Amino acid sequence: MSSFSQTTSPSAASTDTPAVSSLRANLAMGVGSFAIGTGEFVIMGLLPEVARDLGVSIPQAGHVISAYALGVVIGAPLLAVLSSGWPRRKLLIALMLAFGLGNFASAIAPNYLLLNLLRFIAALPHGTYFGVAALVAASMAAPGRRGQAVGQVMLGLTVATLVGVPIAAWLGQMLGWRSAFVFVGALAILASVLIRRELPEIPAAAGASPLRELGALKRPQVLFTLAIGAIGLGGLFSVFSYVKPTMMTLADMPLGQVPIVLALFGVGMVLGNLVGPRFADRALMPTMCGLLAWGVLILGAYTFTAYHPWLGSINVLLVGTLVAMGPVLQIRLMDVAGDAQTLAAALNHSAFNVANALGAWLGGVVVTAGFGWSATGWVGALLALAGLAVFAVSARSARREPGPAR
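Caption draft 1: Structural view of the pattern of salt bridges. Evaluation of the coordinates by the stated rule reveals 5 salt bridges. A salt bridge links Arg178 to Asp53, with the nearest nitrogen and oxygen atoms 3.1 Å apart. In this pair, Arg178 is assigned in helix α9 (residues 177-198) and Asp53 in helix α3 (residues 47-54), connecting sequence segments 125 residues apart. Judged by its relative accessible area of 25%, Arg178 falls in the partly exposed class.

Caption draft 2: Seen up close, unusual backbone geometry. Even without glycine at this site, Asp252 takes up a positive phi of about 55°. By the secondary structure assignment, Asp252 is in the loop between α13 (243-250) and α14 (258-282).

Caption draft 3: Expanded view of the packing of aromatic side chains. Under the criterion given, the structure shown has 6 aromatic pairs. Measuring from centroid to centroid gives 6.1 Å for Tyr242 and Trp373, while their planes differ by 40°, and the two rings are tilted. Taken together, the residues span a long stretch of sequence, with Tyr242 in the loop between α12 (234-240) and α13 and Trp373 in the loop between α18 (341-368) and α19 (375-400) at a distance of 131 residues. Note on Phe304 and Trp378: the rings are 5.9 Å apart at their centroids and 85° apart in plane angle, and the pair reads as edge-to-face. Highlighted residues: Phe304 in helix α15 (residues 284-305) and Trp378 in helix α19, separated in sequence by 74 residues. Assessed through its relative accessible area of 54%, Phe304 is described here as exposed. For the cation-ring pair, Lys90 lies above Trp86, with the distance from its terminal atom to the ring centre recorded as 5.3 Å. Note that Arg282 overlies the ring of Phe279, its terminal NZ or CZ placed 6.0 Å from the centroid.

Thresholds, definitions, all that
Residues numbered from 1 in each chain as written. Predicted model: local features only at pLDDT ≥ 70, side-chain atom pairs only at ≥ 80, totals over all residues. Heavy atoms only, no water. Salt bridge = Lys/Arg side-chain N within 4 Å of Asp/Glu carboxyl O. Helix = DSSP H or I, 4+ residues; strand = E, 2+ residues; numbered from the N terminus. Buried < 20%, exposed > 50% of the residue type's maximum accessible area, 1.4 Å probe, protein only. Phe/Tyr/Trp six-rings, centres within 6.5 Å; stacked < 30°, edge-to-face > 60°. Lys NZ or Arg CZ within 6 Å of the ring centre and 35° of its normal.

In structure tokens form, the structure reads like this:
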């Protein structure tokens, strides 16, 4: 039995919750994930419009993306600790409303500096929302289905890349980039209403406090798991961040076909999010190890397939499946965090954004150094290999630690 199930209120136990109600609750939280995923990624396709409207260069406009990522990294642990004693439904509604207000405010930002600040503020609830939603979904899941329940919540994030982002980008191009943030804010309000209607009352764990949550940082297995995500998932971003110039330069792909490749990446994310949790429910640690090894293989293969339009496109789809690591790591954190569940769960998304920054930075380093666009695949493979090494150390350390949840 995981440590989370030992600390969850009986009212939230899976045996007291009908399967249909659990699914509806997960889908309601998934709408919040959809809103956050749309809000996080849509700006990437609207940078020229933002730059032109605010009178800055496109690279300067790109700092808005960095401001959001910084907000996720800082907000996840901060809000998780400060809100440790809040009832779960109340907390999720508050986080989603705060995210919505941050996006509405972003839509009326009068200048570049304020837009950066408002994107930072809008990002603060991001990690805590996903962490708490994952804990709630797992607490209501039937035995042996925690991974699939978490995957249902996370599905909104992956579907956003296929549906939400294109819709918001189209609105931004037709009505101005500010309308995209209005759309995201409206999605957040909708998610708040659905969560209020579909989620049961779930109190915080007995004795929850900021000090107890900080205890997660003293647990070696929590730190190992976060490191696996921050390093091992970096390879995904080292490739995806430079897919467009790589395919256009090496595979001579026309600009008009690039959106197809990006859509295939989204399909891969959805597939990974659906399939990965099922394996995790059967064998968590082997699934984690297998995904890292899979990452070494497919990221390394991209070094060769990037020269061929079809092979490269299929490879990008396979790279997208690595997002399955998200729910897998989330479940692992539940098992090793003891009574510091909220902070550990929220930090998973801080680690995800560290992976984003690390992978994109290292990919840019090798390209700038003259190794060529295909070298991003080698960077990705090496990062996945490094994640596999951390996993091996973690597994060895866990065998030496006392207690049932290692």
